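Breakdown of the fold
Here is how the chains run, residue by residue.
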There are 2 protein chains.
Amino acid sequence: MWPFMREIVVAGETFSWDTGTSEADARAGWFRHGHEAGFTVVATDEDGTVLGTAECGPNHGGPGSHVASASFMVDARHSRRGVGRALGEHVLDRARAEGFRGMQFNAVAESNVRAVRLWRSLGMEVLATIPEGFRHPAAGYVGLLIMYQRLGPARQAGQR
Amino acid sequence: MWPFMREIVVAGETFSWDTGTSEADARAGWFRHGHEAGFTVVATDEDGTVLGTAECGPNHGGPGSHVASASFMVDARHSRRGVGRALGEHVLDRARAEGFRGMQFNAVAESNVRAVRLWRSLGMEVLATIPEGFRHPAAGYVGLLIMYQRLGPARQAGQR
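Residues numbered from 1 in each chain as written. Chains lettered and ligands numbered in written order. Predicted model: local features only at pLDDT ≥ 70, side-chain atom pairs only at ≥ 80, totals over all residues. Heavy atoms only, no water.

All right, on to the interface of chain A and chain B then. Every contact between the two is made by 31 residues of chain A and, on the other side, 31 residues of chain B. In this assembly, chain A packs against chain B so that about 2,300 Å² is buried in total across both faces, 61% of it on carbon and sulfur atoms. Taken as a group, A:His60, A:Pro63 and A:Ile130 account for 24% of the area that chain A buries against chain B, more than any other trio of residues on that side. At the boundary of chain A and chain B, one finds four salt bridges. (Contact = heavy atoms within 4.5 Å. Buried area = accessible area lost by both parts, 1.4 Å probe. Salt bridge = Lys/Arg side-chain N within 4 Å of Asp/Glu carboxyl O.)

On inspection of all chains with the given rule, the structure shows 16 salt bridges over all chains. We note a salt bridge from A:Glu98 to A:Arg94, for which the minimum N-O separation is 3.2 Å. Residue A:Arg150 pairs with B:Glu132 through a salt bridge whose shortest N-O separation is 3.7 Å. Of this pair, A:Arg150 sits in strand 6 (residues 140–150) while B:Glu132 sits in strand 5 (residues 125–136), each in a different chain. On the accessibility criterion, B:Glu132 (30% relative accessible area) is partly exposed. Linked through salt bridges whose partners overlap, the residues forming this network are A:Glu7, A:Asp75 and A:Arg77. (Helix = DSSP H or I, 4+ residues; strand = E, 2+ residues; numbered from the N terminus. Buried < 20%, exposed > 50% of the residue type's maximum accessible area, 1.4 Å probe, protein only.)

For the match of chain A to chain B, the screw axis carries a shift of 0.0 Å, the RMSD comes to 0.0 Å, and the turn is 180°. Look at the turn and shift together and you get a two-fold axis relating the two. Taking C-alpha positions as the reference, the residue of chain A nearest the rotation axis is A:Ala128, at 2.8 Å. By residue overlap, the copies meet face to face through one surface: 100% of the interface positions of chain A are interface positions in chain B. (Least-squares fit on C-alpha atoms with pLDDT ≥ 70 in both.)

Now for the sheet that holds strand 4 (residues 102–109) of chain A. Residue and element names in this part refer to chain A. Read across the sheet, six strands follow the order 1-2-3-4-6-5 without closing on themselves; strand pairing throughout is mixed. Edge strands, defined here as strands with exactly one partner in the open sheet, are strand 1 (39–44) and strand 5 (125–136). For this sheet the average axis-to-axis angle between neighbouring strands, irrespective of direction, equals 20°. As judged from the eight bridges shared by strand 5 and strand 6, these two strands associate in the antiparallel manner. Bridged to arginine 135 within strand 6 is tyrosine 141. (Pairing = 2+ DSSP bridges. Axes fitted to C-alpha atoms, helices over the stretch in contact; angles between N-to-C directions.)

Quick look at empty space enclosed by the protein now. The rolling of a water-molecule-sized probe over the atoms marks out the regions of remaining empty space. All names here are of chain A. Following the criterion strictly, the structure yields one cavity of 30 Å³ or more and no others. Its volume calculated, the largest cavity comes out at about 30 Å³. Along its surface, the largest cavity is lined by Ala70, Phe72, Gly88, Val91, Leu92, Met103, Phe105, Trp119, Leu122 and Met124. Looking at the lining of the largest cavity element by element, the count peaks at three residues for helix 3 (residues 83–97). The class makeup of the residues in the lining of the largest cavity is nine nonpolar, one polar and no charged. (1 Å grid on protein atoms, 1.4 Å probe; cavity = no way out; pocket = protein on both sides within 12 Å on 5 of 7 lines; lining within 4 Å. Points joined across faces, edges and corners; volume = space filled by probe spheres on them. Nonpolar A, V, L, I, M, F, W, Y, C, P; charged D, E, K, R; others polar.)

So, on to the packing of helix 3 of chain A against helix 4 (residues 113–121) of chain A. Residue and element names in this part refer to chain A. Relative to each other, helix 3 and helix 4 sit at 40°, their axes nearing to 10 Å. Our classification of the angle between helix 3 and helix 4 gives oblique. Our pair here, helix 3 against helix 4, has a crossing hand that is right-handed. Where helix 3 abuts helix 4, its residues Gly84, Arg85 and Gly88 lie against Leu118, Trp119 and Ser121. For the contact of helix 3 with helix 4, a count of residues per class yields two nonpolar, three polar and one charged. (Parallel < 35°, antiparallel > 145°, perpendicular 65-115°, else oblique. Left-handed = near helix turned anticlockwise from the far one by under 90°.)

Listed below in C-alpha cells is the structure:
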C-alpha cells in the first residue's frame, strides 16, 4: 500500500507530513500501534486489494490520552467508492468501543472539501481553523481545520 | 534539569505526556531539534542554575511546517520569577526570526490559569477548547486549549 500512500504524501495536498517521508518512516508511524495504544486498519475489496487505510491512537499522552486522533489514506484509483466513509465509520466506532471519550483531527486542510464534508457527515465538527495553516501546492496558504466529536461515555437521561 | 521536568510530568497537572515518561524519552524528545528543524533553550540564573527550559519546532510536517509549536517547563523552586515569561518571549521572537508564520500551542490545560494568562499576555489567543480534553488529577476533566498567534511575515501598511 506504500505506492498510494507515497502519492498522497508527495502530492502535499492533503497530508501535513514531510513530502519526502521515507517508506520506512511512514510504515513505522502508521503501524506504531503494535507498540502503543490504538490501532491500524486497512480496507480491502473482495480479492484482497488494499483500497485504503487508517490509523488511530491517543492524540496526547497521559492526562490527554483519553481523546483519540486518526489519519486516513485512500488509494486514488479507488476513490468515490465509499472507502473513506467506511474507514471513518469503523474508526469512530472502534475508538468509542476502546473507551476514547472524543475524536480530534488535528490537521484537515480546508481545501480538502470532500474530506471536510465526509467528516462532518460522520459527526465531526470544526472547532478551530488555523489561519493559513496549510500550504497547498496549487491553492497556496489555506486554513487548517481542527475537527472534534464527543464519543462518550453515553450521557444519562437528564444529565448535562 | 531532569529532576524538575520529572516533577512536572509525574504531577500530570499541566503536561499531556505519559506520566511514566522515562528520562531518556523525555530528553530525546525535548532535544530532538539537533536533528529536526526548531530549537531547544534553557533559562539559567547568574551561576548557571537551570531555571526552566523550552523547545520549539514545526507543529506539522511538510505543507504544515511553517507553523511552530512549543513546550515550556519551569522548575517549581524558581517559579514566580518571570522565567516562563522570559522563555515565552524568547521562543516567540526566535520562531518569528526563523521564519515561522504562526505559533500554535496544542495542549494548554484550562486549569493551568497562570500559563493561560501568561500566554494571553504574550499575544496568544484561544482558538478552541477541546471539551474535557485534559484529565487533571484533582480537578477531573477540564478543557484543553488550543492557542495561536500569527507571527508574520510582517504585513505591509495598507495590506490586510
